[in-house]
Amino acid sequence: MGQIQQHAAEYETVRRLAEMLTSTREDYKATESYALFTTIVCWVVQRARTPANQNGPDDVQAREVGIALQAARVSDAPWLVQDLPEMTAFDFFTSIRNAVAHGDGRQIRPLNENGFLTGQIVPIAGRRLRLRRADMNRLGCALANLFCETMAAYEQEGDLQEAAEQFEAAEAMP
């Protein structure tokens, strides 16, 4: 795996986490999925809540992620969480982030089915949401995709942008 360019560090790290989420090892697939999913959620939600007084280019982009999540219902595609139809995607992922980051009194529980760990039970809005490995994969990858696309769409292309500007300037000279 190659290096990550400085200008793309945030979204490339999240993109790689999502890629890893789709290829978890068989022996630990539920636990590894949970670890990767919650890492993506914590990273993206923390950045999406960037305060308005922070105005670096990447901060403005990160707030765009929050705006997109606030405009979407978690019951709609790509999230498809039907248990909380009125909740925004922003509130949903913030609730997961808080449950994970603060431990919520250690209320996150393993979800065991037929003698196997298949996911985690997470307290959200007074409910105990069952997140199976496939749910964590779908939600984590969709959240990472939104983050990566939004961050990349507003970003200057670093060295490539600089090289293009120099080329354009040289072309404009008589």
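As the structure is a prediction and not an experimental result, all values here were calculated from the model.

Caption draft 1: How the structure looks around the pattern of salt bridges. Applying the stated criterion across every chain, the model contains six salt bridges. Note that D58 is salt-bridged to R47, the shortest N-O span being 3.6 Å. Of the two residues, D58 sits in helix α3 (residues 57-70) while R47 sits in helix α2 (residues 29-48), which places them 11 residues apart along the sequence. The partly exposed category is assigned to D58, whose relative accessible area is 33%. Looking at R47, the relative accessible area reads 14%, which means it is buried.

Caption draft 2: Structural detail: the sheet that holds strand β1 (residues 109-113). Across the sheet, which stays open at both edges, the three strands sit in the order β1-β2-β3 with antiparallel pairing between neighbours. The sheet is open, and its two edges are formed by β1 and β3 (127-132), each paired on a single side. For this sheet the average axis-to-axis angle between neighbouring strands, irrespective of direction, equals 40°. By the bridge criterion, five bridges tie β1 to strand β2 (residues 116-124) in an arrangement that is antiparallel. Residue pairing across strands places R109 opposite I121, the latter belonging to β2. Strand contacts of α2: β2 and β3, with the helix running at about 35° to β2, the strand carrying the most contacts. Strand contacts of helix α5 (residues 133-153): β2 and β3, with the helix running at about 85° to β3, the strand carrying the most contacts.

Caption draft 3: Inspection of the nonpolar core at higher detail. In this structure, I40, W79, F92 and F93 are the most contacted members of the largest nonpolar core, which totals 41 residues. Among the secondary structure elements, those contributing two or more residues to this core are α1 (9-21), α2, α3, α4 (89-102), β2, β3 and α5. Among the elements that take part in this core, α5 stands out by supplying nine residues, more than any other. In this structure I40 touches V14, L17, A18, L21, G140, L143 and A144, once residues within four positions along its chain are discounted.

Caption draft 4: Spotlight on α3. Here α3 is 14 residues long and its end C-alpha atoms lie 20 Å apart, about the 20 Å a rise of 1.5 Å per residue gives. Of all the residues in α3, the buried ones are D59, Q61, A62, R63, V65, G66 and L69. Those residues of α3 that are buried lie in contact with α2, α4 and α5.

Caption draft 5: Examining the packing of aromatic side chains more closely. Applying the stated criterion across every chain yields a total of two aromatic pairs. Considering the side-chain rings of W79 and F93, the 5.1 Å spacing of their centres and the 75° angle between planes classify their relative orientation as edge-to-face. One end of the pair, W79, is in the loop between α3 and α4; the other, F93, is in helix α4, and 14 residues separate them in sequence. The class for W79 is buried, based on a relative accessible area of 3%. Judged by relative accessible area, which is 0%, F93 ranks as buried. Judged by centre distance (5.0 Å) and plane angle (75°), the rings of F92 and F93 are edge-to-face. Judged on exposure class, the residue F92 and its partner F93 are both buried. Of the aromatic side chains, those joined through ring pairs into one cluster are W79, F92 and F93.

Procedures and definitions
Each chain carries its own residue numbering, running from 1 in the direction its sequence is written. For this predicted model, a pLDDT threshold of at least 70 governs which residues receive local features, and a threshold of 80 or more governs which side-chain atom pairs are given and counted, while totals over whole chains, interfaces and linings are taken from all residues. Derived side-chain values reflect all non-hydrogen atoms in the structure, with water molecules and hydrogen atoms excluded from consideration. The salt bridge criterion pairs a side-chain nitrogen of Lys or Arg with a carboxyl oxygen of Asp or Glu, the two atoms within 4 Å. Note on conventions: DSSP H or I runs of at least 4 residues are helices, E runs of at least 2 residues are strands, and numbering of each starts at the N terminus. Whether a residue is buried, partly exposed or exposed follows from its accessible area with a 1.4 Å probe, protein chains only, as a fraction of its type maximum: under 20%, in between, or over 50%, in that order. Strands are labelled as partners when DSSP assigns at least two bridges between them. Axis geometry follows a simple rule: fit a line to the C-alpha atoms, using only the stretch in contact for helices, then measure angles between N-to-C directions, giving values from 0 to 180 degrees. Note on contacts: a residue pair qualifies if any of its non-hydrogen atoms lie within 4.5 Å across the two residues. Take the buried Ala, Val, Leu, Ile, Met, Phe, Trp, Tyr and Cys residues and link them wherever side-chain atoms come within 4.5 Å; each set so joined is a nonpolar core. Multiplying 1.5 Å by the residue count of a helix minus one yields the expected span of that helix. Only rings of Phe, Tyr and Trp enter the pairing, Trp through its six-membered ring, and a pair is recorded when the two centres are within 6.5 Å. The plane angle decides the type: under 30 degrees is stacked, over 60 is edge-to-face, the rest tilted.

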